[in-house]
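Spelled out from the first residue to the last, the chains are:
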Amino acid sequence: MPDTIELNSISHHFDTASERIELFRDLSYTIRADETLAIIGPSGAGKSSLLSIAAGLEIPAGGNVRFTIDGAEVDALTMRANSGFIFQQFHLMPELDAIGNLALPLRLKGNRDAFDIAAIWLEKVGLKDRARHRPHQLSGGEQQRIAVARAFVAEPRFIFADEPTGNLDRHTSESVAALMFDCARENGCGLVIVTHSRQLAMRADASLLLDAGQLKVAA
Amino acid sequence: MNRVKLVLENSWRDLWGGDGRISMATQTALLFFLMTLTLTSASIQSYLADNLDQMLGSDLVIESPSSLTEGDEAAFRSMAVGLSVTQLADITMTHKEEWARVQLKLVDDFYPLQGNLQIGDTPVATQRAVSRGPNVGEIWIDSRLAIKLRTQVGDNLTIGGTDLRLSAILFHEPDRIMEGHSVAMRAMAHAQSLDGASINSSKGRTRYLVTADEKQLQAIEKWSRQTLPGASVIKKFGGQHPLASFWQRTENFLGLASVILFFMGAVALDMTNRRWLAKMRYRLAIYASFGTRTRTAMLMALGEWLAGFLLSIALASMLAIVAYGLIVAELQGYFPGLRASWHVAPALKTIGLFFLLLLALQVPSFIQLSRASLLSLIRNPAESSYVWQRLFWSIASVTLLAAAYSDNMLLTGMTLMAIAAALTLMVVLTWTVIRLGDVWGRRRAGLLPFAFFMMRQRLFAKSAQVMGLGLCGLLLLFSLMLMRDLGTTMEGYGRSHDGNLMIAEAQADQVDAINIWAEKTGSSVRSMRPFVSAQLVSVNGKALSDMQKPSDTLATLKDPIRLSWTDAMPKNNRLDGGKWWSADTDNWRQISAESEVMTDMGFSYGDTLTYQIGGKPYDFKLVASHAYQPGAGSITFWFQVPLSARAQIDAPTRYMGSMELPEPAWDALAGLWQQYPTLSLVPLQELTERFDQTLGIVTKVTGGYAAMVLLLALFVLAASVSGFSADDRQKNGLLMSMGLRESDCLRLNFYDWGVTALIAAAGAIAGTWSAGLLIYQAQFNLTYNPDILWVAAMVFAMVATVCLVGYLACRQSLKVSVRHLMAT
C-alpha cells in the first residue's frame, strides 16, 4: 500500500483587520505517493494554503488530514521529515556553491557520502561543470534544476512544489518540468505541484482545479 | 559528525561576512576587557592572600585609634601567649633644612613577635636580619627617608625636642602588611625614647601584635570587640587582608565601567543580531524544507553561535594575557612582588558570566528563530520586529549586571538614569522629527521630503539606529568630558585653594605657636576649623563592623573621622535636607551628615549615630544633611554637631585650616616642625604633586577606558552602516532605475544620515548634560560648567564622522550595477 495524505472535509480561511476571507470548504482528496498531482486555479484561490495543509505545515481551520507512511498513520512532524520542497524563488543558500547546496539535505541527515551522491545528482541534472558555482553565478533555470535535485536527493516520500516554473521562460520551464516528473517517477515519490500553467499540469497523473472554494478534477 | 562539520562551516562562513566580523570583534573586545580585569584582579587577590600569610608578623593584630588602659592591657596580656604593643603616628621629621612627613612606629622590647626585621648601614648596604627593634635613644629610618633628609647612620635626629641617634637603615618590618598600600616614608624608635605626649595626633594608632592558640585567639577577638569598639582585627588564618576590601571596591568601580562598555557592545550586537536573525530564519526554513526538525535546526543555530563565541574566547584570551602581563609589570610599583600567573577559575567564571549575558541578549533572537517556518519561503507572512522584547532583554541584563557589580548605588543609579533619559529623548525626537518631516514633505517635491518619507517607512529600524549611535555618542562624550574637566580642575587647584600651605592637623597649643610663627615670618592664617577625632561605631545600635557592603564611605567610616561643631551653617555648605539646629540650642545630641555620605550609607533622619570619642561612646540623632558649595574655602566636614556639644565631649580639640606663606617663610618651617613634629602642614605644591600622581593613574585608566569606548563606538557605527547597506543598495538601485543620478542618491543618503546623526547628537548632548548635572557635583565634587564651544565641536565631529562613513558606504553601494542592485 502506497504512502498517502488524506484530506478529509477540510476548510480554511484567513482573517484580515476588517473581514474573514474563506478560501475553501469541505474539500476531500487522497494524495498517493505513487502518483503525480497538479493543483491549478486562479490567484488567491488558496492553492498554496492547500499545499501547506497537505504538507503538514498548516492545520486546516476545519476537517482533518491523515498522513500514512509504510502503512502506519504518522504525525505532521514525521511527514515533514519525509518530504521535500521546490519553490518558485528557488531558495538556494547564497553562501553555498551548487554541490554544497545539493549535499546539504544529506549532510543534515548525517550521510557521510553526501558530496559523492550530490556529484551524481549534479551530473544527472546536467550541471556537473557548475559544481563550484554560487547561486548568483547560475541562471534561473540552472538554479531551479539544482533546487529540484536538492529536493529529491534525500529520497523523500512526497515532494511539494509551489509554482516551480513561475520564474522561468517557457523553454526552461519545460526542461525543469521534465526533470521533476522524471525524478518523481524514477524514485517512486509523490509529487504535488501548485501551478498556473496548464501545460505543466497536463504532465501530472491527476489534475485538480481549485476555484471558488471548490475542488474539481480538471479536464 | 556531518552536522557538526556543517555547523562549523556555517559558523566560519558567517564570520567572514560584515556582520560576523563586527559581532566577533565586539565580543572579543568586551571579553578581552573583562578577562584582563579578572586576571589582574585575581593576581592581586592572590598576592594579598600570600601577603597575609607571610607578612602579618603575629597570629593576630588589633589596631585601634585609642589605647587600652593599664588594667585592660594587663588583662589582655594574660589572655595571650605573647603581646607586643606598638604606637604609630604621622609626624614631620627634619634634618638641617630638609623635612619630610613620616610614619613613626614606637616599639616595645617584645617587638617583633614573629619574623625578623631587616636593617643595614647605608641605603644600598647588604641587609641583615635582627630579632629586636631599636634600643632606647636610637632611631631607624627607611632608605628613601634617609635620602630625602640627606642623613646617614651616626647622625642625630631631633623629634619633639629629643635627640635620637640614627643607628640603622630600616628595610623590612614583619608587620608591614598593616600599612596597607601606604607608601609613606617610615621611621622606628623605642617607645621609651620619646615622651608619648609629644607625638599625639588624631591619626595616632596603637597596634597590638598577639601570638596565641586558636582558642585564645577567639577569646581575644570577642574581648576586643567589647573593649575596643572600632578597632580593626586582622587574623593570619581565615582573616581578610586590610587591602582586600579596598581592592574589591576598585574592582566594583571598574565593574561599573565594564557595564557601560557592555551596554555599548549590546547595541552593536543587537544591530548585527537582527541581520543574523534574518539569515538564520532563512537558513532554518530551508533546512525545514528538507525535513529537518525544528529542534535539530535550533541546536545547529545554537552551535553556530557557540562556535563563534568559542573563537572569541580564544582571541580575547590571547590578547588578555598580553595586556595582563603589561599591566602586572606596571602594578609592581604599587604591589612589590606581584606576579602574572594563571588563574583559571576566575577566568572561567568571567567567561561564564559573559556567556550568560550574551545569551540573555540572544534570547529574543532564539525565540523568534524557534518560530521560523517553511511557510515563509512560500508566502511572506507579517512579522513583528520584537523591538520591545529586545529592548527589555538588553536593559534587563545590563541593569542586573550593574546592580550586581556596583558598590555605589548612587553613581550607578545616576548613570542609568542619564542613559534612560537620553534614550527616551532620542526616541521622542526621532518619532517627532521624522513624522513632522513626513507631514511637511507630503505636498512637496524634492529629495528631502522623499528622504523623510523613506525614514518614516522604517521608523522602528531608524529609532534603533539613532539610539545606538546616540548612546555611543553620550558615553564617548561623557568619558572625554570627564577626562578633560579632571585635568582642568587639577590645573585650577592651585588658584582656587585658599592659601599655599594646608594645616592638615594642629593641636590647640600648636595653634598658638602657628599664630606666633606666622606673625614672625609675615605669613597669614586664612582659615582654622576645630574638630575632634571621632569614630562612628554603630548606627541605631547596629555595629559598623558588622556591615559588610563594599563601599568607599563605609571603609572610610571604619577609621576615625573628624567631627566639627558649629551653630551657623558654614559658608561653604548648604542645607540639603532636614532641619538645622537653632543657635545656642541645649539639645546638643543633634548631628548633620554630608548628603552623599547619607545616601551611600542609607541613613535616614532620626537615626541614632554612636561615636567613640576619646574612649567614650556618644549618641547623636541625625537631623539634617549638608552639602559642599564652592566659593568660601575648601574645608568641609562629613559630620557636624551643635556648638553646645563641644562642652559635653571629653577629647582634645584639634584644628585644620590654611595659611599663605611668603617665599622667605618656607625655610623657617623646619624650626616649627622640630618643636612640633606632629604638626601636619602640607604645602600646596606637595598636595598638587600627590594629586598629580593620583591623576596620572586616573588618566591612564580613563585613557584606556576611553580607548575602549571609542573602539566600541566604531563597532556600533560599523554595525549600523553595515545593517542598512542591503536596504540602501536596493533603494539606490530602484532610484537609479527610475532615472535618478548618482549625485542625487548621494544627496538622499546624506539627508538620511545627517538627520540620524543630528538626532543622535542631540540625545547624546542632552544625556551628557543630565549626567554632568547629576554626577559631577555628587561624585567628583566638580561644578558642571559645559564649554559650549567644545560641545559644539564634538557634535560637529560626531555628525561629520557619521555622515562621512554613510557617504563612503553609499559610494560603495553605488559602484554596483543597477542590474545587480535590482537583484538584491
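Conventions used here
Residues numbered from 1 in each chain as written. Chains lettered and ligands numbered in written order. Predicted model: local features only at pLDDT ≥ 70, side-chain atom pairs only at ≥ 80, totals over all residues. Heavy atoms only, no water. Helix = DSSP H or I, 4+ residues; strand = E, 2+ residues; numbered from the N terminus. Buried < 20%, exposed > 50% of the residue type's maximum accessible area, 1.4 Å probe, protein only. Contact = heavy atoms within 4.5 Å. pLDDT = per-residue confidence, 0-100. Buried area = accessible area lost by both parts, 1.4 Å probe. Salt bridge = Lys/Arg side-chain N within 4 Å of Asp/Glu carboxyl O. Polar contact = N/O pair within 3.5 Å; in protein donor to acceptor, adjacent residues only side chain to side chain. Pairing = 2+ DSSP bridges. Axes fitted to C-alpha atoms, helices over the stretch in contact; angles between N-to-C directions. Parallel < 35°, antiparallel > 145°, perpendicular 65-115°, else oblique. Nonpolar A, V, L, I, M, F, W, Y, C, P; charged D, E, K, R; others polar. Phe/Tyr/Trp six-rings, centres within 6.5 Å; stacked < 30°, edge-to-face > 60°. Core = buried A, V, L, I, M, F, W, Y, C linked by side-chain atoms within 4.5 Å. Left-handed = near helix turned anticlockwise from the far one by under 90°. Arc of directions from axis to C-beta.

Draft legend 1. Focus on the overall build of chain A. If you tally the helices and strands in chain A, you get seven helices and 10 strands. Split into buried and exposed, the 219 residues of chain A put 55% on the buried side. Of the contacts formed within chain A by residues at least 6 apart in sequence, a portion of 70% connects residues at least 24 apart.

Draft legend 2. Structural context of the confidence of the model for chain A. Across chain A, the average pLDDT comes to 89, with 100% of residues at or above 70. Mean pLDDT per element in chain A: strand β10 (residues 214-217) of chain A is the minimum at 82, and strand β4 (residues 62-69) of chain A is the maximum at 94.

Draft legend 3. Representation of the interface of chain A and chain B. Taken residue by residue, the interface counts 29 residues in chain A and 22 residues in chain B. Summed over both sides, the interface between chain A and chain B buries roughly 2500 Å², with carbon and sulfur atoms accounting for 59% of that surface. It is H91, R107 and L108 of chain A in chain A that bury the most area against chain B; as a group they hold 28% of the surface buried on that side. Notably, a salt bridge pairs R283 of chain B with E95 of chain A, separated by 2.7 Å at the nearest N-O pair. Across the contact surface, chain A and chain B share six residue pairs in polar contact (both at pLDDT 80 or more). Elements represented by at least two residues in the side of chain A that touches chain B include exactly α1 (47-54), α2 (76-81), β6 (83-86) and α3 (98-108) of chain A.

Draft legend 4. Focus on α3 of chain A. Counted residue by residue, α3 of chain A has 11 buried out of 11 residues, so it is predominantly covered. Looking one or two residues past α3 of chain A, G110 of chain A carries a phi angle of roughly 80°, positive in sign.

Draft legend 5. Seen up close, the pattern of salt bridges. By the definition in use, this model includes 28 salt bridges over all chains. A salt bridge links R107 of chain A to E9 of chain B; the nearest nitrogen and oxygen atoms lie 2.8 Å apart. Of the two residues, R107 of chain A sits in helix α3 while E9 of chain B sits in helix α1 (residues 2-15), which places them in two different chains. E186 of chain A serves as the salt-bridge partner of K124 of chain A, at 3.4 Å between the closest nitrogen and oxygen.

Draft legend 6. Expanded view of the pairing of strand β2 (residues 20-32) of chain A. Residues and elements named next belong to chain A. Pairing of strand β1 (residues 4-15) with β2 involves nine bridges; the strand directions are antiparallel. If you follow E6 over to β2, its bridge partner there is T30. Counting the residues between successive antiparallel strands, the hairpin from β1 to β2 contains four residues.

Draft legend 7. Structural view of the confidence of the model for chain B. Averaged over every residue, the pLDDT of chain B is 79; residues scoring 70 or more account for 83%. In this model, residues 819-824 of chain B is a region of pLDDT below 50 whose contacts with residues beyond four sequence positions or in other chains number 11 contacts.

Draft legend 8. How the structure looks around the sheet that holds strand β8 (residues 190-195) of chain A. Residue and element names in this part refer to chain A. With mixed pairing, six strands are arranged side by side in an open sheet as β6-β7-β8-β3-β9-β10. Each edge of the open sheet is held by one strand with a lone partner, namely β6 and β10. Ignoring which end each strand starts from, the neighbouring axes of this sheet average 20° apart. Pairing between strand β3 (residues 36-40) and β8: five bridges, direction parallel. The residue bridging I39 from the neighbouring strand is V194, located in β8. Sheet strands in contact with helix α6 (residues 170-187) are β3, β6, β7 (158-162) and β8, and its direction is about 155° off that of β8.

Draft legend 9. Molecular detail of the packing of helix α5 (residues 140-153) of chain A against α6 of chain A. Residues and elements named next belong to chain A. Packing of α5 against α6 brings their axes to within 10 Å, and their N-to-C directions diverge by 10°. In terms of orientation, α5 and α6 fall into the roughly parallel class. Side by side, α5 and α6 meet where G141, Q144, R145, V148 and F152 of the first sit next to T172, S175, V176, L179, M180, C183, A184 and N187 of the second. By residue class, the composition of the contact of α5 with α6 is seven nonpolar, five polar and one charged.

Draft legend 10. Focus on the sheet that holds β1 of chain A. Residue and element names in this part refer to chain A. Taken in spatial order, the four strands line up as β2-β1-β4-β5 in an open sheet, and their pairing is antiparallel. If you trace the sheet from one side to the other, it starts and ends with β2 and β5 (72-74), each paired once. For this sheet, the mean angle separating the axes of adjacent strands, direction not counted, is 30°. Pairing between β1 and β4: six bridges, direction antiparallel. Opposite S11, over in β4, you have G62 as the bridge partner. Taken strand by strand, α1 contacts β1, β2 and β4, and its axis lies near 135° from that of β1.

Draft legend 11. The side chain of H190 of chain B, seen in detail. Residues and elements named next belong to chain B. Mapped onto the secondary structure, H190 falls in strand β9 (residues 185-190). A relative accessible area of 4% means that H190 is categorised as buried. Within the structure, the side chain of H190 is placed 2.7 Å from the side chain of D109, a separation counted as a polar contact. In this structure, H190 is in contact with L106, V107, D108, D109, P134, N135, V136 and E138, ignoring residues within four places of it in sequence.

Draft legend 12. Examining the packing of aromatic side chains more closely. All names here are of chain B. Following the criterion strictly, the structure yields 22 aromatic pairs over all chains and no others. Pairing W276 with F366 gives two aromatic rings, centres 5.8 Å apart and planes at 80°, and the pair type is edge-to-face. Highlighted residues: W276 in helix α6 (residues 242-289) and F366 in helix α8 (residues 344-370), separated in sequence by 90 residues. Overall, the relative accessible area of 16% leaves W276 in the buried class. Ring geometry for W305 versus F366: centroids 6.3 Å apart, planes at 85°, classification edge-to-face. Linking W305 in helix α7 (residues 294-331) with F366 in helix α8, this pair joins segments that are 61 residues apart in sequence. For the pair W305 and F366, one class covers both residues: buried. One aromatic cluster in this structure is built from F262, W276, W305, F309, F354, F355 and F366.

Draft legend 13. Quick look at the nonpolar core. In this structure, I5 and F160 of chain A together with F262, Y287 and L369 of chain B are the most contacted members of the largest nonpolar core, which totals 146 residues. By residue number, the principal contributor to this core is α6 of chain B, which donates 20 residues. I146, C183, L209 and A218 of chain A belong to the second largest nonpolar core, which has 43 residues in total.

Draft legend 14. Quick peek at the side chain of T272 of chain B. Examined against the element boundaries, T272 of chain B turns out to sit in helix α6. Not counting the four nearest positions on each side in its chain, T272 of chain B is found in contact with D19, I22, S23 and A719 of chain B.

Draft legend 15. A look at the packing of α1 of chain B against α7 of chain B. Residue and element names in this part refer to chain B. Closest axis-to-axis distance for the α1/α7 pair is 9 Å, and the angle between their directions is 55°. The orientation of α1 relative to α7 falls into the category oblique. The chirality of how α1 crosses α7 is right-handed. Side by side, α1 and α7 meet where R3, L6, V7, L8, N10, S11, W12, D14 and L15 of the first sit next to T296, M300, G303, E304, A307, G308 and L311 of the second. Split by residue class, the contact of α1 with α7 holds eight nonpolar, five polar and three charged.

Draft legend 16. View of the environment of E660 of chain B. Residues and elements named next belong to chain B. If you trace the backbone, E660 turns up in strand β21 (residues 654-660). Looking at E660, the relative accessible area reads 29%, which means it is partly exposed. Expressed as a C-alpha distance, the spacing of E660 and A518, which sit 142 residues apart in the sequence, is 9.1 Å.

Draft legend 17. Looking closely at helix α4 (residues 114-124) of chain A. Residues and elements named next belong to chain A. Residues of α4 that are buried: A114, A118, W121 and L122. Each buried residue of α4 sits inside an arc of 105° when the element is viewed along its axis, so together they form one side. More than 90 degrees from the buried face of α4, the exposed residues found are D116 and I120. Each element contacted by the buried residues of α4 is listed here: α3, α5 and α6. The first or second residue beyond α4 is G126, which carries a positive phi of 75°.

Draft legend 18. Quick peek at the pairing of strand β9 (residues 206-211) of chain A. Residues and elements named next belong to chain A. Of all six residues in β9, five are buried; the element is thus mostly enclosed. Of the strand pairs in this sheet, β3 and β9 are connected by four bridges, and their pairing is parallel. The partner of I40 across the bridge, within β9, is L209. Relative to β10, β9 is paired through four bridges, and the arrangement is antiparallel. Its bridge partner lying in β10, L210 is registered against L215. Count of turn residues in the β9/β10 antiparallel hairpin: two residues, of which A212 carries a positive phi of about 50°.

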